[in-house]
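A structural walkthrough
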Amino acid sequence: MRASQARQTAQTAQTLPVARAAEKVRSFFRQAPSDFRRNKGVYLLAVLPMAFYILFRYVPMFGVVLAFKRFTPSSGVWGSPWIGVDNFTSFFGSYYFGRLVL
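Throughout this description, residue numbers start from 1 for each chain and increase along the sequence as written. This being a predicted model, a pLDDT of at least 70 is required before a residue's local features are given, and a value of 80 or more before pairs of side-chain atoms are given or counted; all residues contribute to the totals for chains, interfaces and linings. Calculated side-chain values reflect all of the structure's heavy atoms, with hydrogen atoms and water omitted.

Our focus in this paragraph is the overall build of the chain. Think of it this way: any DSSP run of H or I at least four residues long counts as a helix, any run of E at least two long counts as a strand, and we number them from the N terminus. Summing up its helical and strand segments, the chain has 5 helices and 0 strands in all. Contacts were defined at the residue level, with two residues in contact if any of their heavy atoms lie within 4.5 Å. Residue pairs in contact within the chain that sit at least 24 positions apart in sequence constitute 0% of those at least 6 positions apart. Exposure was quantified through the Shrake-Rupley algorithm and a 1.4 Å probe, taking into account, for residues, occlusion by the shown protein chains and nothing else. Surface accessibility of the chain: about 9,200 Å² in total, with carbon and sulfur atoms responsible for 67%.

Attention now moves to the packing of aromatic side chains. Two rings from Phe, Tyr or Trp (for Trp, the six-membered ring) form a pair when their centres sit within 6.5 Å of each other. Planes less than 30 degrees apart are called stacked, planes more than 60 degrees apart edge-to-face, and all others tilted. A full pass over the atoms with the stated rule returns 10 aromatic pairs. Relative to Phe92, the ring of Phe91 has its centre 5.5 Å away and its plane inclined at 55 degrees; by these criteria the two rings are tilted. When a residue's accessible area, from a 1.4 Å probe over protein chains only, is under 20% of the maximum for its type it is buried; when over 50% it is exposed; and in between it is partly exposed. You can call Phe91 partly exposed: its relative accessible area is 35%. By relative accessible area, which is 48% here, Phe92 ends up partly exposed. One aromatic cluster is present, formed by Phe68, Trp82, Phe88, Phe91, Phe92 and Phe97 through successive ring pairs.

With that settled, the discussion passes to the side chain of Ser80. With respect to the element layout, Ser80 can be found in the loop between helix H3 (76–79) and helix H4 (86–92). According to the relative accessible area criterion, Ser80 is buried, its value standing at 4%. Polar contact is the term for a pair of N or O atoms within 3.5 Å; when the atoms are in protein, one must be able to donate a hydrogen and the other to accept it, and sequence-neighboring residues count only if both atoms are side-chain atoms. Within the structure, Ser80 has its side chain in polar contact with the backbone oxygen of Gly76 (distance 2.6 Å). Here Ser80 is in contact with Lys69, Arg70, Phe71, Thr72 and Ser75, once residues within four sequence places are set aside.

Turning to the confidence of the model for the chain, a few remarks are in order. A residue's pLDDT is simply how confident the predictor is in it, with values from 0 to 100. Looking at the chain, the pLDDT average stands at 80 and 75% of residues meet or exceed 70. When pLDDT is averaged over each element of the chain, helix H2 (residues 40–58) comes out on top at 92 and helix H1 (residues 2–38) at the bottom at 67.

Next up on the list: a nonpolar patch on the surface. Each patch groups residues whose relative accessible area exceeds 30% and which form no salt bridge, using 9 Å between like charges and 5 Å between nonpolar side chains of Val, Leu, Ile, Met, Phe, Trp and Tyr. Think of a salt bridge as a Lys or Arg side-chain nitrogen and an Asp or Glu carboxyl oxygen that are within 4 Å of each other. Among the surface-exposed residues, Met50, Phe52, Tyr53, Ile54, Leu55, Phe56, Tyr58, Val59, Met61, Phe62, Val64 and Trp78 lie close enough to one another that they form a single nonpolar patch of about 1,300 Å² accessible area. Looking at the nonpolar patch, the element that brings in the most residues is H2, giving 7 residues. Of note, Phe62 is situated in the loop between H2 and H3.

A few words on the side chain of Lys69. Position of Lys69 relative to the elements: it lies in the loop between H2 and H3. Counting rule for charge: Lys and Arg are taken as positive, Asp and Glu as negative, and neither His nor the chain ends is counted. Buried within the structure, Lys69 lacks any salt-bridge partner; Asp86 is the closest side chain of opposite charge, at an N-O distance of 13 Å. In contact with Lys69, not counting residues within four places along its chain, are Val77, Trp78, Ser80, Pro81, Trp82, Ile83 and Asn87.

Below, the structure is given as structure tokens:
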């Protein structure tokens, strides 16, 4: 009888962390709406810095795409053909590259 009790205890001990993890996930989703209502001022204060970083840090990165395209205003940024690093090779191989850098 003791061996079967030991096996049952070992099986229970192995399933407890999984059950607790699932319980924590469920409790997070249950608590999230009440947590938002309780701390809505803190979340609203966090919106301003997040909007700043999105607007002034991530949105300008779309302009980097222009360096790899043969841009024509009539086609727009996304309609212009992709040329890869041709702009860079022509610039670095140019006679004026040394003058511009120095």
